[in-house]
Amino acid sequence: MTLELARLTKAYGEFTFGPVELTVEDEVLAVLGPSGSGKTTLLSLVAGIAEPDSGSILLDRRELVGRPLEDRRVGMVFQEGALFPHMTARENVEYAATSDERVAELAATLELEGVLDRRPATLSGGERQRVALARTLAADPDVLLLDEPLSSLDAPIRKRLRDELHDLFASLDIPVLYVTHDQRTATALGDRLAIVRDGDLEQVGSPSAVLDRPASRFVARFTGTENLFEGQVIERSESGEEVWVQVGDVRFRTAAPEVAGSAASASHVSGAADSGSSVTVCIHPSRVELEPLDASVDGGAKQANAVTGTVGRWLNEGNEYRVDVDVEGGALTLIASVRPPTFERLGVDDGSEIRALVPPESIHLIPGSRVSR
Amino acid sequence: MVTEPTGSTDSTQPAKSTHASRLGSVDWLSVALVLGGLLLVYYFAPLLSLFLSASPGEILGRLGDATVRSAATTSLLSASITTVLATVFGLPLAYWLARAETPWKNAVLAVVVLPLVLPPTVGGVVLLTVFGPNTLLGGTAAAAGLPLTRSLAGVVLAQTFVASPFVVVTAKAAFESVDRTLEHASRSLGKSRWTTARNVTLPLAGPGILAGVTLAFARAMGEFGATMMVAYYPRTMPVEIWVSFQSLGLAHAYPVAILLVVIAVAALLVLNTVASNPWR
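Only a predicted model underlies this, so the values are computations on that prediction, with no experimental measurement involved.

(A) How the structure looks around the overall build of chain A. Scanning chain A for helices and strands turns up 11 helices and 20 strands. Over its C-alpha atoms, taken along the principal directions, chain A stretches across nearly 70 × 45 × 35 Å. Among the 373 residues that make up chain A, the fraction classed as buried is 42%. Across chain A, the fraction of contacts at a sequence separation of at least 24, relative to all contacts at a separation of at least 6, is 68%.

See the structure below:
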């Protein structure tokens, strides 16, 4: 199955969605964006809950625009499940199912056997979403849409259901659009990510491409790249693969990364890298390594950009520590996220001197420094 | 100068607080209880008095009376037909009003509510200008053997005008209480609008719809003003009460009045059991 959106637009008063161009194959596309960015509008248009002002939605070359919901074969899992409250879990699934075998099969897959005879009001949030998913899949849809199905669940249940969804999606051979505002869920479930902002697709690509090579400052910030600095290209190697940028008094060496989809990224870097041009330097906190000043400089460290600074403050964020390193007397603050063992080994404390290492291939450049997007 | 306002504020403060405590000493809860209680007595005492004013034997005897039985038959039959008509014609309109997103909606709703606020006799006058024997419609129907005035059809026309808005207004609220997402969910599962309405919307709105239907039936049973104008004959129970009172005196109106009270209480019982919606 191939879902193709072409020049799709929809206006709601001041808010305009699109024009959006998007092709989704048999894969999971995680649609990530802040609330009000148009994620749900996208799903509504594909499902047929809302009709676009213009453009087309093709499912295997079959035009969906103008068709009523019931003729689209587009399944949707709603935010709170939208289970029919007057039916038991079983009746909800049976309502959509083509056969009893399918009900039994889905009940087994989604571990629903124990709750089938209960009404939605007596189910937990996680159970409700499982039933909703079973009901949607029971109709054998050609496309699966999910609208933040995990957002109202508690963290442990959310994580568990997320892992199960991951396995379930792998067994489906249809386009899946998964809307969320949570970057972790998006990267965990999505084969590709689509970042939505103000009704437009800001960037579409593999999770690593979007996270490591954000196309704009918005994408960088929204996906957790907290280190964004305005800088200037001062030199580039002949091949264009190495670029030196100046941020305040600090000089960083950057290099084309050796990650999947690096071809596009490399050209992205070189395109921005004419000497003298302004760039935004992006460094994800997880890519910043910390080491004590007296550490021996080994081969790896020699390669990396090394800056010395003082610890401004640190926060325990549960599974990692966030350390602010003030460089050049605080003119530049480099944020590093550090795993607890490393943090404890370093004996980090406020005001302690420390060295931050940034591998050249972990630095991403976005053309223009004052561009708001 | 600067200290004066502060000083005066200070001096008024004790006075204010005494005033407040004096107000506070009134037991407002008791006052509210007395006011509400009096109103309840005002509702209930006349009803009790009605039941005490005629002996059970007298009532039963009068209920056997041919005119009373004929009036009861006419009322039950006409109100039943009216209720069916109001439901069949009212539900689609109620659903449209609940779901439509057009600016016309409020104008349409105003038209629906109009018969509710219009004095029933005026409703009768209005109906006679369309269905009266000297109008095109009334004349043709009468010539065809189906007179629209002084007939059961006339009673139904009068009752439907006055009672059907109850179905529309109450069912509209019931439909609105059904989350649209549930309808979208049903249709995205491949179910048609009709299947969705039958399996999702109607069951969930059912208790509210039934409330509207019951209200319409009760209103039709009690309809007097418009019915008097359009169809004095065959006599419905409210008309029979009026005729008995006028020609024979108040005591003769009691038995039918008691019968109507019993029917009204039955309607209330239905409403209260219906209102206990287990799904909300």
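(B) Layout of the interface of chain B and chain A. Listed as interface residues are 15 residues of chain B and, on the opposing side, 16 residues of chain A. Looking at the side of chain B that touches chain A, the elements with two or more residues in it are α9 (180-188) and α10 (193-222) of chain B. In terms of residues, the side of chain B that touches chain A owes the most to one element, α9(B), which gives 6 residues. Across the side of chain B that touches chain A, the residue classes break down as 7 nonpolar, 6 polar and 2 charged.

(C) Geometry of the sheet that holds strand β7 (residues 143-147) of chain A. All names here are of chain A. Taken together, 6 strands build an open sheet; the order of strands is β6-β7-β8-β3-β9-β10 and the sheet is mixed. Two strands lie at the open edges of the sheet, namely β6 (74-77) and β10 (200-205), each paired on one side alone. When strand polarity is set aside, the average angle formed by the axes of neighbouring strands in this sheet is 20°. Relative to β7, β6 is paired through 4 bridges, and the arrangement is parallel. For Gly 75, the partnering residue across the bridge sits in β7 and is Leu 144.

(D) Region of the structure containing the domain arrangement of chain A. Segmenting chain A into domains produces domain 1 (3-212), domain 2 (217-282 + 363-367) and domain 3 (285-359). Here the C-alpha centre of domain 2 of chain A lies 35 Å away from the C-alpha centre of domain 1 of chain A.

(E) Structural context of the nonpolar core. Counting 138 residues, the largest nonpolar core has Val31(A), Val46(A), Ala134(A), Leu145(A), Leu177(A) and Ala356(A) as the members making the most contacts within it. At 14 residues, the largest contribution of residues to this core is made by helix α8 (residues 152-176) of chain B. Excluding residues within four positions of it along the chain, Ala356(A) makes contact with Val288(A), Leu290(A), Val307(A), Gly309(A), Val325(A), Leu334(A) and Ala336(A). Listed in part, the 8 residues of the second largest apolar core include Met237(B), Ala253(B), Val256(B) and Ala257(B).

(F) Up close: the pairing of strand β19 (residues 353-358) of chain A. All names here are of chain A. Counted residue by residue, β19 has 5 buried out of 6 residues, so it is predominantly covered. Sheet topology places strand β16 (residues 305-316) next to β19; 6 bridges connect them, and they run antiparallel. Residue pairing for β19: Asn 305 is matched across the bridge by Val 358.

(G) Quick peek at the pairing of strand β3 (residues 28-32) of chain A. Residues and elements named next belong to chain A. Of all 5 residues that make up β3, 5 are buried, and the element is covered over most of its length. Burial along β3 is two-sided: the residues Val 28, Ala 30 and Leu 32 and Leu 29 and Val 31 are all buried. Of the pairings in the sheet, the one linking β3 to strand β8 (residues 176-180) comprises 5 bridges and is parallel in character. Within β8, the position partnered with Val 28 by the bridge is Val 176. Across 4 bridges, the pairing between β3 and strand β9 (residues 192-197) is parallel. Across the sheet, Leu 29 pairs through a bridge with Arg 192, a residue of β9.

(H) Structural view of α9(B). When α9(B) is considered as a whole, its buried residues turn out to be Glu183(B), Ala185(B), Ser186(B), Arg187(B) and Ser188(B). On its buried face, α9(B) is in contact with α1 (39-47) and β6 of chain A together with α10 of chain B. Gly190(B), located one to two residues past α9(B), shows a positive phi value of around 95°.

(I) Structural view of the packing of helix α2 (residues 89-96) of chain A against helix α4 (residues 125-138) of chain A. Residue and element names in this part refer to chain A. Here α2 crosses α4 at 20°, and the two axes come no closer than 7 Å. Relative to α4, α2 is oriented roughly parallel. When the axes of α2 and α4 are compared, the crossing they make is right-handed. When α2 is examined against α4, the residues Ala 89, Asn 92, Val 93 and Ala 96 are found in contact with a partner set consisting of Val 131, Ala 134, Arg 135 and Ala 138. Of the residues assigned to the contact of α2 with α4, the class counts are 6 nonpolar, 1 polar and 1 charged.

About the cut-offs
- Residues numbered from 1 in each chain as written.
- Chains lettered and ligands numbered in written order.
- Predicted model: local features only at pLDDT ≥ 70, side-chain atom pairs only at ≥ 80, totals over all residues.
- Helix = DSSP H or I, 4+ residues; strand = E, 2+ residues; numbered from the N terminus.
- Buried ≥ 20, exposed ≤ 12 C-beta atoms within 10 Å, placed from the backbone.
- Contact = placed C-beta atoms within 7 Å.
- Nonpolar A, V, L, I, M, F, W, Y, C, P; charged D, E, K, R; others polar.
- Pairing = 2+ DSSP bridges.
- Axes fitted to C-alpha atoms, helices over the stretch in contact; angles between N-to-C directions.
- Domains from an automatic or database assignment.
- Core = buried A, V, L, I, M, F, W, Y, C linked by C-beta atoms within 7 Å.
- Parallel < 35°, antiparallel > 145°, perpendicular 65-115°, else oblique.
- Left-handed = near helix turned anticlockwise from the far one by under 90°.

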